[in-house]
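Listed below, chain by chain, are the residues.
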Amino acid sequence: MSKNQVDLCQKLYELCETVMEHRLHDVEQCLLLHNSKSDFRKVIGLDIKTGLNAYGSEMNLYDSVDGYQLENEYRLLLNGHNYFVTPSDIKAPKDKADVLLKKATDKLKAFDRTFSLLDKDARKSADSDVNLEEVLDKYKLTWLLYKMQKGSLTRSPRKFKDRTHEICIRLIDHYLGINEDEELIIWDSADIGILILIILGALPEYGKSPGSYSIKDSFSVMLQFIRDYHNKVSITTESYTLSTIHNQIEDGTLQMTKYSLIVSLHKIIDELSSELSPSSLTDINDSLLFGHRQFCDAYDIQGVWEDDYGSYWSIRETGDYCLMYKFLSFSQKSIEYTKFTLIADYDSHIFNIREASNVMELFKGNKIDINRIDELDVELHVPVKCKAEKKVVESIELKSLKFRNNLFRFKKLTRVDNNKSQELAKTWKNHERVSAADYTFFRSMVAITPDYIYVGSYERDEQGKHKFFYKMSKADVEGKLDGSLYYVDFNQSVGIYKAIWKNTDNTYNIKYYLSIDSKAVYIDTELIKRGEYKGITVTKDKETEIVQKFVEMDQSGNENLTEKEIEELSSPFYYLD
């Protein structure tokens, strides 16, 4: 054979090998996007009785003959004639070699094009950026690991089926860093979502899809498991992602396939990771703070506003977020209000708003109700002639809501003039303030050492100095704080909450909480003072004096505020003083 013939032979063989190993075969064998092979073949334009061997050109391609597997050889069927190619030889007339090469090239192009279209449609349907090839790779790897290491998940293989939920909880706890388990380290290379689905019986062996398999039942099993797990570990009453997926299934907008099953579980696990993982929490918190500070540097939304129903609102900046007050009613003696926190994003102009009484459920150890959280997509109206670096916003118009309810019942907020602002500020100062729940927060983390974090007390002396400090050991704390204090820095909101709840008899219940907001940790300071919270102590006289001197030296006395001054800082009209 001439060199050209050898090159042609090698090229044809490599083309055939690439087609036979193409991931389009895996999509069909795994039924990743369809419920049957006939459905798959209809979608790509094949006769339901014809396999992928015939797809892409008039030439059929096989790796077997008469039921026997070929080794380092492929059979090419064109116009009723069989031709064979190996890495070094083509068993075909010379005038057919170029034709076979072209047909093989056309076939590969068709495979690539179809796979790309299926990938695009799958991601769009499931609203995911995870591509098909990545899912196939992880599915295959995870199944092989499961097949080899399944026995390590339980000491009693006979009871494996009875312990699947317990095993999955251990695995996801380990993955999220809630309860790291050395015995489960061998599973770190597996895909956590796919592994859980395999163990729960919601995904079959890679490359197979038995007739008894039901995608509807698999979704049901997955959703029930992850809903139970979410209720066990999350701070919210339900998962927004989970409820969205459930609604999409109900209204038919989510096509139920193995691909969407996998990426749906990934989304819910990612949501939990964002909430529970110490490093993820820190990254997200830093991102939110950065976006909010960028927004506040660019736009001035601080002030008093009137909505389209005639109700008044006040927005004030605090640095980490904005406080937002809605004034519900006025009487001769009192002013009734509801308080919210607002975090604005510079890039998207999304307002994340949470009702204070809802957030304060965390103080009691309860969960946040996602029906009392909103993400508002807003349009900011700035005077055309405004050339200031920080633009004063004149009105805020609601474009859309992410969540279910507009808690605030407004379409537009319009800034009021200074006279009206001063009038409301005077009313606030001279009237009794009534709210179902409210809080005052003061950032008071004063020092971070390699082993400890020091947080100043809410209580102050006559000079405005902290009376003592809470000393938090990075190594000895338990629960949510275990291992997470190493990620805390001065960019985060760490300090003391003074929480006030109105009782049914119109009296008030007041409590103080040591807080790390980014970790959703709120510790009753009475427990710390009684020595009932492991790893956190109250400094004594000598140690308190040392830390006080450090604070004064490092911050030039900026922390020296009396308790009365702290209370005044919480006024919704503080910026007018």
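## Some details on helix H4 (residues 94–126)
Now for step 1: An ideal rise of 1.5 Å per residue puts 48 Å on 33 residues; H4 measures up with 49 Å between its terminal C-alpha atoms.
Now for step 2: Once H4 finishes, Asp 127 follows within two positions and takes phi at roughly 50 degrees, a positive value.

## Overview of the environment of Leu 100
Now for step 1: One can find Leu 100 in helix H4.
Now for step 2: The buried category is assigned to Leu 100, whose relative accessible area is 1%.
Now for step 3: Linking Leu 100 and His 25, residues 75 residues apart in sequence, is a C-alpha distance of 21 Å.
Now for step 4: For Leu 100, the contacting residues outside a window of four places in its chain are Leu 12, Met 59, Leu 76, Leu 78, Tyr 83 and Ala 92.

## Looking at the state of the cysteines
Now for step 1: A complete count under the given rule lists 0 disulfides for this structure.
Now for step 2: The thiol sulfur of Cys 9 is not disulfide-bonded, and the nearest other cysteine sulfur, from Cys 16, lies at 9.8 Å.
Now for step 3: Note on Cys 322: no disulfide assigned, nearest cysteine sulfur contributed by Cys 296 at a separation of 4.3 Å.
Now for step 4: Relative accessible area serves as the criterion here: at 0%, Cys 322 is assigned to the buried category.

## Points about the packing of helix H9 (residues 240–251) against helix H10 (residues 258–276)
Now for step 1: Their axes nearest at 8 Å, the elements H9 and H10 cross at an angle of 155 degrees. Relative to H10, H9 is oriented roughly antiparallel. Here Tyr 240, Thr 241, Leu 242 and Ile 245 of H9 lie close against H10, whose contacting residues are Ser 264, Lys 267, Ile 268 and Glu 271.
Now for step 2: Of the residues contributing to the contact of H9 with H10, the split by class is 4 nonpolar, 2 polar and 2 charged.

## Considering the sheet that holds strand S5 (residues 81–86)
The strands that make up a sheet pair up through hydrogen bonds in the backbone, lying either parallel or antiparallel.
Now for step 1: Taken in spatial order, the 4 strands of this open sheet run S1-S4-S5-S6, and their pairing is antiparallel. Each of the sheet's edge strands pairs with one partner strand only, and the pair in question is strand S1 (60–62) and strand S6 (89–91). For this sheet, the mean angle separating the axes of adjacent strands, direction not counted, is 20 degrees.
Now for step 2: Pairing of S1 with strand S4 (residues 74–78), which is carried by 3 bridges, proceeds in the antiparallel orientation. In the strand pairing of S4, Tyr 62 is matched with Arg 75.
Now for step 3: Packing against the sheet, H4 makes contact with S1, S4, S5 and S6, and its axis sits at approximately 100 degrees to S4.

## Comments concerning the nonpolar core
Now for step 1: Counting residues in each nonpolar core, the largest one holds 87 residues, and the members touching the most others are Leu 76, Ile 226 and Tyr 259.
Now for step 2: Examining the composition of this core, we find that 11 residues originate from one element, H4, more than from any other.
Now for step 3: If near-sequence neighbours (up to four positions away) are discounted, Ile 226 is found in contact with Ile 172, Leu 242, Leu 265, Ile 268, Ile 269 and Leu 272.
Now for step 4: Counting 29 residues, the second largest nonpolar core, distinct from the first, contains Met 360, Leu 424, Trp 501 and Phe 573.

## Thoughts on the environment of Gly 193
Now for step 1: For Gly 193, the location among the structural elements is in helix H7 (residues 192–199).
Now for step 2: Its relative accessible area of 0% is what places Gly 193 among the buried residues.
Now for step 3: Between the C-alpha atoms of Gly 193 and Ser 125, which are 68 residues apart in sequence, the distance is 19 Å.
Now for step 4: Residues within four places of Gly 193 in sequence aside, it is in contact with Leu 265, His 266 and Ile 269.

## Some details on the packing of aromatic side chains
How two aromatic rings sit relative to each other is set out by the distance from centre to centre and by the angle between their planes.
Now for step 1: Tallying each qualifying case throughout the model produces 26 aromatic pairs.
Now for step 2: A ring pair is formed by Phe 327 and Phe 573, whose centres lie 5.6 Å apart and whose planes are at 10 degrees; its orientation type is stacked. Of the two residues, Phe 327 sits in strand S10 (residues 322–330) while Phe 573 sits in the segment after helix H16 (563–569), which places them 246 residues apart along the sequence.
Now for step 3: Looking at Phe 327, the relative accessible area reads 2%, which means it is buried.
Now for step 4: You can call Phe 573 buried: its relative accessible area is 2%.
Now for step 5: Every member of this aromatic cluster is reached through a ring pair, and the members are Phe 363, Tyr 439, Phe 441, Tyr 497, Trp 501, Tyr 513 and Tyr 522.
Now for step 6: In this arrangement the basic side chain of Arg 75 is found over the ring face of Tyr 62, its NZ or CZ atom lying 4.3 Å from the centre.
Now for step 7: For the cation-ring pair, Lys 471 lies above Tyr 452, with the distance from its terminal atom to the ring centre recorded as 4.3 Å.

## With respect to the pairing of strand S13 (residues 373–381)
Now for step 1: In terms of residue burial, S13 counts as a mostly covered element, since 7 of its 9 residues are buried.
Now for step 2: Here strand S12 (residues 350–355) pairs with S13 via 5 bridges, running antiparallel. Paired with Asn 352 across the bridge in S13 is Glu 375.

## A word on the packing of helix H8 (residues 215–233) against H9
Now for step 1: For the pair H8 and H9, the least separation of the axes is 11 Å and the interaxial angle reads 155 degrees. The angle between the axes of H8 and H9 places the two elements in the roughly antiparallel class. Remark: the crossing between H8 and H9 carries left-handed chirality. Counting all contacts with H8, which are made through Phe 219, Leu 223, Ile 226 and Arg 227, the residues of H9 involved are Leu 242, Ile 245, His 246 and Ile 249.
Now for step 2: Looking at side-chain class alone, the contact of H8 with H9 contains 6 nonpolar, 1 polar and 1 charged residues.

Cut-offs applied
Residues numbered from 1 in each chain as written. Predicted model: local features only at pLDDT ≥ 70, side-chain atom pairs only at ≥ 80, totals over all residues. Heavy atoms only, no water. Helix = DSSP H or I, 4+ residues; strand = E, 2+ residues; numbered from the N terminus. Expected span 1.5 Å × (residues − 1). Buried < 20%, exposed > 50% of the residue type's maximum accessible area, 1.4 Å probe, protein only. Contact = heavy atoms within 4.5 Å. Disulfide = S-S within 2.5 Å. Axes fitted to C-alpha atoms, helices over the stretch in contact; angles between N-to-C directions. Parallel < 35°, antiparallel > 145°, perpendicular 65-115°, else oblique. Nonpolar A, V, L, I, M, F, W, Y, C, P; charged D, E, K, R; others polar. Pairing = 2+ DSSP bridges. Core = buried A, V, L, I, M, F, W, Y, C linked by side-chain atoms within 4.5 Å. Phe/Tyr/Trp six-rings, centres within 6.5 Å; stacked < 30°, edge-to-face > 60°. Lys NZ or Arg CZ within 6 Å of the ring centre and 35° of its normal. Left-handed = near helix turned anticlockwise from the far one by under 90°.

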